[in-house]
Amino acid sequence: MNGKSNTHDGGCYCGAVRYRIQGVPDFSAHCHCRSCQLALGGAFVTWAKIPAGNFSVTKGKIKICEKTPGIRRGFCGDCGTTLTYAADHVVEGQDWSKDAWFTAVTLDDPTIVSPQNHVFVSHKQPWITLPEGAPAFDTF
Ligand SMILES: [Zn+2]
Ligand SMILES: [Zn+2]
């Protein structure tokens, strides 16, 4: 695999923060949890993940909001776009520190991810209707 051609860039709304990933995200999902709704100001958010070492900030600085200790939501301090999610602990068998989670739509080419799963649908707003047969999970 050619590492150089396998890079993808992304960034926030205003352009102050830019990032680069190596490779294509190995997982992505739509999260309907209440925390994501409030952090993003949207009904749900589409997260993608890549091994932590394959994510780097190439311009600007990601500002961190740590409302819940150990859970860090990263955003652009200028325009507010949510960019990253990180947790430094293991939750239900998932070691969050191994991966870099980021918002799929902030990629310059969001079509490189193919999210299917809807998670935390127990928090889903009643006016959001999922596609027939979409994989849906009450929690993660
Ligand atoms: Zn910005
Ligand atoms: Zn969430």
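Above this note sits the structure.
Now for a quick tour of the structure. From a predicted model like this one, the values you see are computed outputs, not experimental measurements.

Rules of the game
- Residues numbered from 1 in each chain as written.
- Chains lettered and ligands numbered in written order.
- Predicted model: local features only at pLDDT ≥ 70, side-chain atom pairs only at ≥ 80, totals over all residues.
- Heavy atoms only, no water.
- Donors = N, O, S within 2.8 Å, 3.2 Å for Na, K, Ca; no water.
- Tetrahedral: all angles 85-135°; square planar, octahedral: opposite > 155°, others 65-115°.
- Helix = DSSP H or I, 4+ residues; strand = E, 2+ residues; numbered from the N terminus.
- Buried < 20%, exposed > 50% of the residue type's maximum accessible area, 1.4 Å probe, protein only.
- Salt bridge = Lys/Arg side-chain N within 4 Å of Asp/Glu carboxyl O.
- Phe/Tyr/Trp six-rings, centres within 6.5 Å; stacked < 30°, edge-to-face > 60°.

Within the protein, the atoms that donate to the zinc ion (ligand 1) are Cys-12 (SG), Cys-14 (SG), Cys-76 (SG) and Cys-79 (SG), at distances of 2.3 to 2.4 Å. Bound by four donor atoms, the zinc ion (ligand 1) shows angles of 106 to 112° at the metal and therefore tetrahedral coordination geometry. Ordering the donors of the zinc ion (ligand 1) by residue number gives the pattern C-x1-C-x61-C-x2-C. Of this pair, Cys-14 sits in the loop between strand 1 (7-11) and strand 2 (18-22) while Cys-79 sits in the loop between strand 7 (71-76) and strand 8 (82-87), and the two are 65 residues apart along the sequence. On the basis of relative accessibility, which here comes to 27%, the residue Cys-79 falls in the partly exposed class.

A few words now on the pattern of salt bridges. For the structure shown, the criterion picks out four salt bridges. Residue Arg-18 is joined to Asp-108 by a salt bridge in which the shortest nitrogen-to-oxygen separation is 2.7 Å. In this pair, Arg-18 sits in strand 2 while Asp-108 sits in the loop between strand 11 (99-103) and strand 12 (117-119), placing the two residues 90 residues apart along the sequence. You can call Arg-18 partly exposed: its relative accessible area is 24%. Close ionic contact of Asp-26 with Lys-49 constitutes a salt bridge, the shortest N to O distance being 3.5 Å. Of this pair, Asp-26 sits in the loop between strand 2 and strand 3 (27-31) while Lys-49 is found in strand 4 (residues 45-51), placing the two residues 23 residues apart along the sequence. Bridged by salt links that share partners, the residues Asp-26, Lys-49 and Asp-99 form one connected network.

Attention shifts here to the packing of aromatic side chains. Summed over all chains, the structure comprises seven aromatic pairs. Ring geometry for Phe-55 versus Phe-102: centroids 5.9 Å apart, planes at 35°, classification tilted. Taken together, the residues span a long stretch of sequence, with Phe-55 in strand 5 (residues 55-59) and Phe-102 in strand 11 at a distance of 47 residues. Its relative accessible area of 15% is what places Phe-55 among the buried residues. Ring pairs connect the aromatic residues Tyr-19, Phe-55 and Phe-102, which therefore count as one cluster.

All right, on to unusual backbone geometry then. Despite not being glycine, Phe-120 has its phi angle at roughly 55°, a positive value. For Phe-120, the position within the fold is in the segment after strand 12.

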